[in-house]
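The chain contents come next:
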Amino acid sequence: MHINPLEQKWLYVSFGMVAIFLGSILLTAVTKGVHPPSHIETIDSASLHLTEEFAEDNLGVHQLADGRLQVTLVAARYGFYPNHIELPADTPVTFRLASVDVMHGVHAPMTNMSTMIVPGYVSEITTAFPKPGDYPMLCNEYCGMGHDHMWSKMTVVAKENWHGAPQAKVRGDRS
Ligand code: CUA
């Protein structure tokens with residue numbers, strides 16, 4: 001079979017690109033713990049405020065009975081509620097997020113806290129923040145005219161300056 005040399009060159013280029021992309025996914029998965037979400041839990045977005053967990057009074061940072069930290073956030077056009085949270089550095093934190101309206105995303109730059117928030121599902125990520133500081137939490141899925149202004153603040157304080165969090169009244173549905 002005859003293959004045109006130019007065509008062959010581009011075949012190598014395209015296979016090379018696939019190899020680079022797969023390689024970088026593998027590398028970040030192995031070294032940075034970046035992985036696709038595996039958590040599937042449904043929720044009715046329209047009645048989010050009537051659920052126990054995502055009711056207004058239960059949002060924010062809470063400590064579970066076993067000592068773990070859980071952050072419950074609602075994403076809505078255009079913000080995350082509550083719009084400021086404080087967390088200790090170097091501590092595993094489980095975020096549970098749900099949207100009341102359309103698809104949003106959340107991303108704290110320079111960290112691996114990032115996920116899509118699809119209406120009808122609870123997004124869950126567990127991560128830890130090694131460096132104290134102020135981080136923005138940005139919406140990274142276009143959600144309407146105010147998308148650019150959809151962000152809130154996360155303050156990470158050194159472990160020894162952490163003031164603690166109230167006990168969780170509601171525990172997320174997970175093991
Ligand atoms: Cu929410 Cu963009």
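Every chain is numbered independently, its residues counted from 1 as its sequence is written. Residue-level local features of this predicted model are given only where pLDDT is at least 70; pairs of side-chain atoms are given and counted only at 80 or more, and the full residue set underlies all totals for whole chains, interfaces and linings. The basis for every side-chain value is the complete set of heavy atoms in the structure, and neither hydrogens nor water enter the calculation.

(A) The arrangement of the pairing of strand 7 (residues 114-117) in detail. When accessible area is computed with a 1.4 Å probe and restricted to protein chains, residues below 20% of their type maximum are described as buried, those above 50% as exposed, and intermediate ones as partly exposed. Each helix is a run of DSSP H or I of at least 4 residues and each strand a run of E of at least 2, with the numbering of both proceeding from the N terminus. Here strand 7 shows one buried face, formed by T115 and I117, and one open face, formed by S114 and M116. Sheet topology note: the strand 6 (residues 104-107)/strand 7 ladder contains four bridges and is antiparallel. Opposite V106, over in strand 7, you have T115 as the bridge partner. Linking strand 6 back to strand 7 in an antiparallel pair, the connection comprises six residues, with M110 at a positive phi of about 70°. Any two strands are treated as partners once DSSP identifies two or more bridges connecting them.

(B) Expanded view of the nonpolar core. Side-chain atoms within 4.5 Å are what join buried Ala, Val, Leu, Ile, Met, Phe, Trp, Tyr and Cys residues into a set we call a nonpolar core. I85, L87, F95 and M154 are the most contacted members of the largest nonpolar core, which totals 28 residues. Of all the elements in the fold, those that place two or more residues in this core are strand 2 (69-76), strand 4 (84-88), strand 5 (93-99), strand 9 (133-138) and strand 10 (151-157). The biggest single contributor to this core is strand 2, with four residues. When near neighbours in sequence (up to four residues on either side) are disregarded, M154 contacts H84, I85, L87, F95, A108, F129, G133, D134, Y135 and M137. Within the second largest apolar cluster, seven residues are counted, among which are L48, F54, V74 and A98. Contacts between residues were defined by any pair of non-hydrogen atoms, one from each residue, lying within 4.5 Å.

(C) Up close: helix 1 (residues 5-31). Expected helix span is given by 1.5 Å per residue-to-residue step, counting one fewer step than there are residues. For helix 1, which comprises 27 residues, the first-to-last C-alpha distance of 38 Å matches the rise-based estimate of 39 Å (1.5 Å per residue) to within 8%. A distance of 2.7 Å separates the backbone nitrogen of L6 from a side-chain oxygen at the start of helix 1, and that oxygen is part of N4. Positioned one or two residues after helix 1, G33 has a phi angle of 70°, which is positive. Whenever a nitrogen or oxygen atom comes within 3.5 Å of another N or O atom, the pair is scored as a polar contact, on the condition that within protein one atom can donate a hydrogen and the other can accept it, and that pairs from neighbouring residues in sequence are kept only if both atoms are in side chains.

(D) Representation of the domain arrangement of the protein chain in the model. The domain boundaries here were taken from an automatic or database domain assignment. Split by domain assignment, the protein chain resolves into domain 1 (1-35) and domain 2 (45-161). Inter-centroid distance (C-alpha atoms) of domain 1 to domain 2 is 35 Å.

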